[in-house]
Amino acid sequence: MEGLDRMLNGGLIPGRSYLVKGAPGTGKTTLAMHFAMAGVSNGENVLFVTLEEPLDNLRADMLKLGFNVDDPRLEIIDATPASDNYVLLEDYFESFAKSLERLTDTIKQRMAIKRYSRIVVDPITILKLASGNEMDYRKSFLSFVKSMMKMKVTVLLTSELQRTDVEEYIVGGIIELRNFEIDGFMVRGIKITKFRGSDFDKALRPYEISDRGIVVYTDKVVNPAKSLPL
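What comes next concerns the included structure. (Residues numbered from 1 in each chain as written. Predicted model: local features only at pLDDT ≥ 70, side-chain atom pairs only at ≥ 80, totals over all residues. Heavy atoms only, no water.)

1. Examining the overall build of the protein
The secondary structure content of the protein amounts to 7 helices and 10 strands. At a minimum sequence separation of 6, the contacts of the protein that also span at least 24 residues come to 68%. (Helix = DSSP H or I, 4+ residues; strand = E, 2+ residues; numbered from the N terminus. Contact = heavy atoms within 4.5 Å.)

Pasting the structure below:
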């Protein structure tokens, strides 16, 4: 995503974990797929774990936006509750969608077989809501991020929750997708609220979801004072 890369002063720093926040329909999955397919275009192997959107739906939606989700360098794991893969091969998965620890172990096992440089978890919300208590989730999330850093993997996590205190403290960067109403029209805005290790564009920039995916307009700003949050 050219516009977002400009906002990030060149793009995400490899080997770190990032969080994309936004309400339903703001384009979190689309942004995550941009990230995944950019890796594929660079010749990287990418793992995309979908915990909410069934694989058939995800494939159909992304193909409409021009993403070649059938590229062999992109592996998509459908871990949604309705999928056959919710309880996968016993040696690897065993219903890992209910446990962040199992997800971490699964990725480690997969990495021993195939090297992935980028991993997407869409959305992390499912794992957080399924966690028994906040302290256990905090420990598990910290362990997950540390494990990914050790393996030098760039991770993109999405979340629909407004309050993501634990994640925000630990990840290296946060990108927020927002909807506003201006003069009766819906306007989308993207803002970087945290990005360790580099300067970044701190403005709230408008974006659109087009037939080419997400397009960010870095020459324009959204003025929240003249809008109503949706």
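2. Overview of unusual backbone geometry
For the bond running from Asp-122 to Pro-123, omega is -10 degrees, close enough to zero to count as cis. Residues other than glycine seldom take positive phi values, yet Asn-9 does so here, at roughly 60 degrees. By secondary structure assignment, the location of Asn-9 is in the loop between helix H1 (2-7) and strand S1 (17-22).

3. So, the side chain of Ser-17
With respect to the helices and strands, Ser-17 occurs in strand S1. Ser-17 gets classed as buried once you look at its relative accessible area, which sits at 2%. Ignoring sequence-local partners within four residues, the contact set of Ser-17 consists of Val-145, Met-148, Val-155, Val-171, Gly-172 and Gly-173. (Buried < 20%, exposed > 50% of the residue type's maximum accessible area, 1.4 Å probe, protein only.)

4. Some words on the packing of aromatic side chains
According to the stated counting rule, one finds 4 aromatic pairs in the structure shown. Between Phe-141 and Phe-144, the ring centres sit 6.5 Å apart and the planes meet at 35 degrees, which makes this aromatic pair tilted. Here Phe-144 and Phe-141 lie together in helix H6 (residues 134-150), a separation of 3 residues that amounts to about one turn. Since its relative accessible area comes to 0%, Phe-141 is described here as buried. With centroids separated by 6.5 Å and ring planes inclined at 80 degrees, the aromatic side chains of Phe-195 and Phe-200 adopt a geometry described as edge-to-face. Each member of the pair, Phe-195 together with Phe-200, is buried. (Phe/Tyr/Trp six-rings, centres within 6.5 Å; stacked < 30°, edge-to-face > 60°.)

5. Thoughts on the environment of Met-33
Within the element layout of this structure, Met-33 appears in helix H2 (residues 28-41). Taking the C-alpha atoms as reference, Met-33 lies 9.9 Å from Leu-58; in sequence the two are 25 residues apart. Other than its neighbours up to four places away in sequence, Met-33 contacts Phe-48, Leu-58, Met-62, Phe-67, Val-69 and Leu-74.

6. Topic: the packing of helix H4 (residues 100-113) against H6
Closest axis-to-axis distance for the H4/H6 pair is 9 Å, and the angle between their directions is 15 degrees. One way to sum up the angle between H4 and H6 is to call them roughly parallel. Every pair of crossing elements has a handedness; the one defined by H4 and H6 is left-handed. Facing Leu-100, Glu-101, Leu-103, Thr-104, Ile-107 and Lys-108 of H4, the residues of H6 in contact are Tyr-137, Ser-140, Phe-141, Phe-144, Ser-147 and Met-148. Among the residues forming the contact of H4 with H6, the class breakdown is 7 nonpolar, 3 polar and 2 charged. (Axes fitted to C-alpha atoms, helices over the stretch in contact; angles between N-to-C directions. Parallel < 35°, antiparallel > 145°, perpendicular 65-115°, else oblique. Left-handed = near helix turned anticlockwise from the far one by under 90°. Nonpolar A, V, L, I, M, F, W, Y, C, P; charged D, E, K, R; others polar.)

7. With respect to H2
In this model H2 runs 20 Å from its N-terminal to its C-terminal C-alpha over 14 residues, within 8% of the 20 Å that 1.5 Å per residue would give. Along H2, 11 of the 14 residues are buried, which leaves the element largely enclosed by surrounding structure. Turning to H2, its buried residues are Lys-28, Thr-30, Leu-31, Ala-32, Met-33, His-34, Phe-35, Ala-36, Met-37, Gly-39 and Val-40. (Expected span 1.5 Å × (residues − 1).)

8. A short note on the nonpolar core
The biggest cluster of nonpolar side chains holds 33 residues, and the ones touching the most others in it are Leu-31, Met-33, Phe-48, Leu-74 and Ile-190. For this core, the leading source of residues is H2, giving 7 residues. Excluding residues within four positions of it along the chain, Ile-190 makes contact with Leu-4, Met-7, Leu-31, Ile-175, Glu-176, Leu-177, Ala-203, Leu-204, Arg-205, Tyr-207 and Val-216. Grouped together as the second largest cluster of nonpolar side chains are 28 residues, Leu-19, Leu-127, Val-155 and Val-171 included. (Core = buried A, V, L, I, M, F, W, Y, C linked by side-chain atoms within 4.5 Å.)

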